Amino acid sequence: MKLAKDYDSVMGRSADIMKASLGLDFNDFESGSVAFDYEGLMKATGYTIEEVDRIQSRTGVGHTQLLELRNITALARKYAKPGFGARIFVKDEAANASGSFKDRRAACAVAHAKKLGYKGVIAATSGNYGAAVASQAAMQGMKCIIVQECYDSNGVGQPEIVEKARKCEALGAEVIQLTVGPELFYEHLSVMEDSGYFNASLYSPFGIAGVETLGYEIAMDCREKFGKDPDMVVCTQAGGGMVTGTARGLIKAGATDTQVVAASIDLTGLHMASDVQFNKKSCTTGHTGFGVPHATNPDTGDVPRSAARPLRYMDRYVTTTQGEVMYMTEMLANLEGLERGPAGNTALAAAFALAQELPEDAIVVVTETEYTGAGKHIQPQLDFARENGIEIVFGDPKDDVPGKNIVLPADPGLFKVKDLDLDKLRKSLIKRSVPRANGKLTAEDVAFLVADTRSDEAFVKAALDELGVEY
Amino acid sequence: MAKKGEWVRIHKVVLAAAERTAKLPDDTKKVDFEMWVKGTLQNETAEIGDEVTIITATGREETGKLLEVNPYYTHSYGKFVPEIIEIDKKLREIMQFGGEN
């Protein structure tokens, strides 16, 4: 019998489709309430960090260079107080096979799909992850479908996303392009069901295990070069995989004193599912529109439980602006000879300001660069912004209004970060977790929320009291 | 006119605006949920706008309105943005590359 493929029917089968497409039953880790066995889920990949490293090394992924940004460091020091301005380094993740750190995430997922006997892989992404999955699928002799949110209702696509579609096709993938809306998930499920392909989700434990090598390498690189762990690691925060994987890798290497800072472009005020506002943003990833919801409500993606749980790992969460990231991208090209980004330079824009808070002998590592290409470059992105009525001016980035203007810093001394209130984000996560409970939260739920928010029992209990929830 | 075997791009309305039941902002609710995909044309011949069948790169069959034959990308490095030159000048001036000017 042919299955009904209408919206409600497909969404109604989502649990079965996900189970079949991951070869993993998430129910095995559920408590039936708020808590689930996160570490159990991560262990279920069955790969140690050494095995992940071997898988990645077979396909040109990982062991990228840690480059010192000497001129950018010198520039930052001009604006820091005497004796301050940490040395800034970046992991040149653009050197991975498909041009971004996403290769680490894809390598593991695709290798696992191959091992389980799937004929193909499918991923829902408008970002670099599509190219990464396509590249890995090509190397491992598998078929690949990428589902992209790409256009507004006028059929106008973000140049950055159009380029990513081109790259996926160049690497042999089929690309399904969609207009704005969460119904992307319906199309994704429907194609997954028909094709029987593996769901190479960004949020699966295989994907996150793949990023752990990045944090591990950073610790090892720093010990080898400087005889110490980095003082601060800055990660661009969108879906939360970079923060989660890198921090887990640092911990596995024993670098437990390293401060992990998440950074997103502030896009407050722009609704991510708005057709009209879709092309009013000038960076399609690395922004708060993904970063904040994925931090406070991680389990909303294309897997029942996300392995990316950034609030567990971040010490700080800072924001920067589109103008600062665009400016930083030009700075990286012009002062360091590295044409990379733009979106991947979010953490670097933040690091330029953060380094000024630290002494000169401190080490700040930015976790990634990403490839640049037609459409995916500051000139087409600024040009596109201008064509969409966005004002581009030089000024103070604090005057930045997402969707209205892009304020390029009039002087490099104007780069600043804004700290988000982590306690507020923690409370938001707790509030969103409560509906999973059957009335009263169990002791296991409270312990889970302590870990999921990286807080303590008193904090979680106070937040639950505030919500009037029993435990 | 497109012929069987040619590489084409099709367009399809996956959900008409009225069929969209997900939680959406008002502006998105008013518009269709649309899809674009490429593949090899299966119809003997077709005109732009005709309802056609294609086989995609992974071998899936899809139907939709014929939009383009021999589709190609036009995204580029964009038009000149003078602010970029201003950034370069400012940075080089501060850093004094090549010594003092």
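About the criteria used
Each residue is numbered by its place in its chain's sequence as written, counting from 1. Chain labels run from A onward and ligand labels from 1 onward, assigned in the order the entries are written. pLDDT decides what is reported in this predicted model: residues at 70 or higher carry local features, side-chain atom pairs at 80 or more are listed and counted, and totals for whole chains, interfaces and linings draw on all residues regardless. Remark: nonpolar core denotes a set of buried Ala, Val, Leu, Ile, Met, Phe, Trp, Tyr and Cys residues whose joining runs through C-beta atoms within 7 Å. For every residue, the other C-beta atoms within 10 Å of its own C-beta are counted; 20 or more classify it as buried, 12 or fewer as exposed, and values in between as partly exposed. C-beta atoms are placed from the backbone. Numbering of helices and strands starts at the N terminus; helices are DSSP runs of H or I of at least 4 residues and strands are runs of E of at least 2. Each residue gets a C-beta atom placed from its backbone, and two residues are in contact if those atoms lie within 7 Å. The axes used here are C-alpha line fits, helices contributing only the stretch in contact, and every angle between their N-to-C directions lies in the interval 0 to 180 degrees. Each angle gets one of four labels, with under 35 degrees taken as roughly parallel, over 145 as roughly antiparallel, 65 to 115 as roughly perpendicular, and the rest as oblique. Annotation comment: domain bounds sourced from an automatic or database domain assignment. Ten residues, namely Ala, Val, Leu, Ile, Met, Phe, Trp, Tyr, Cys and Pro, are considered nonpolar, four, namely Asp, Glu, Lys and Arg, are considered charged, and the remaining ones, Gly among them, are considered polar. Strands pair, by our definition, only if DSSP identifies at least two bridges between them.

A. How the structure looks around the nonpolar core. Residue and element names in this part refer to chain A. One finds V110, V121, V133, V234, A350, A351 and V364 to be the most contacted residues of the largest nonpolar core, which totals 163 residues. Looking at this core element by element, the count peaks at 9 residues for helix 10 (residues 205-226). With sequence-adjacent residues up to four places away left out, A351 is seen in contact with I88, V234, V364 and V366.

B. Structural view of the packing of helix 7 (residues 128-139) of chain A against helix 8 (residues 159-170) of chain A. Residue and element names in this part refer to chain A. At a minimum axis separation of 8 Å, helix 7 and helix 8 run at an interaxial angle of 0°. For the element pair helix 7 / helix 8, the angle class is roughly parallel. For the pair helix 7 and helix 8, contact is made by N128, G130, A131 and A134 and by K164, K167 and C168, respectively.

C. Structural context of the packing of helix 13 (residues 322-336) of chain A against helix 14 (residues 346-354) of chain A. Residues and elements named next belong to chain A. Interhelical geometry of helix 13 versus helix 14 gives an angle of 90° and a closest axis separation of 8 Å. Between helix 13 and helix 14, the angle is such that the two are roughly perpendicular. In this structure, helix 13 uses E324, V325, M328 and L332 to contact helix 14, whose residues at the interface are T346, L348, A349 and F352.

D. Here's a closer look at the environment of Y197 of chain A. Within the secondary structure layout, Y197 of chain A lies in the loop between helix 9 (184-195) and strand 6 (198-199). Once residues lying within four places of it in the same chain are set aside, the contact partners of Y197 of chain A are S21, Y118, K119, G120, V121, I122, I145 and M192 of chain A.

E. Looking closely at the domain arrangement of chain A. Residues and elements named next belong to chain A. Domain boundaries in chain A define domain 1 (7-25 + 42-53 + 100-204), domain 2 (59-98 + 206-419) and domain 3 (422-467). When each unit is reduced to the centre of its C-alpha atoms, the spacing between domain 1 and domain 2 is 24 Å. The interface is formed by 46 residues belonging to domain 1 together with 46 residues belonging to domain 2. Taken together, the elements giving at least two residues each to the side of domain 1 that touches domain 2 come down to helix 2 (14-22), helix 4 (49-57), helix 6 (102-115), helix 7, helix 8 and helix 9. Per-element tally for the side of domain 1 that touches domain 2: the top contributor is helix 6, with 7 residues. When grouped by side-chain class, the residues that make up the side of domain 1 that touches domain 2 number 24 nonpolar, 15 polar and 7 charged.

F. Seen up close, the interface of chain A and chain B. Taken together, the contact between chain A and chain B spans 46 residues of the former and 34 residues of the latter. When contributions to the side of chain A that touches chain B are tallied by element, the ones reaching two or more residues are helix 5 (70-77), strand 4 (143-151), helix 8, strand 5 (174-179), helix 9, helix 13, helix 15 (378-387) and strand 11 (391-395) of chain A. Among the elements that make up the side of chain A that touches chain B, the one with the highest residue count is helix 15 of chain A (6 residues). Tallied by class, residues from the side of chain A that touches chain B come to 24 nonpolar, 13 polar and 9 charged. Direction of pairing for strand 5 of chain A relative to strand 3 (residues 33-41) of chain B: antiparallel, over a ladder of 2 bridges. By the bridge assignment, Q177 of chain A is partnered in strand 3 of chain B with W36 of chain B.

G. Geometry of the sheet that holds strand 7 (residues 232-236) of chain A. Residue and element names in this part refer to chain A. Across the sheet, which stays open at both edges, the 7 strands sit in the order 1-2-10-7-8-9-13 with mixed pairing between neighbours. In the strand order of this sheet, the two ends are held by strand 1 (66-68) and strand 13 (418-419), each with one partner. Where strand 2 (residues 87-91) and strand 10 (residues 363-366) come together, 4 bridges link them in parallel fashion. The residue of strand 10 that forms the bridge with R87 is I363.

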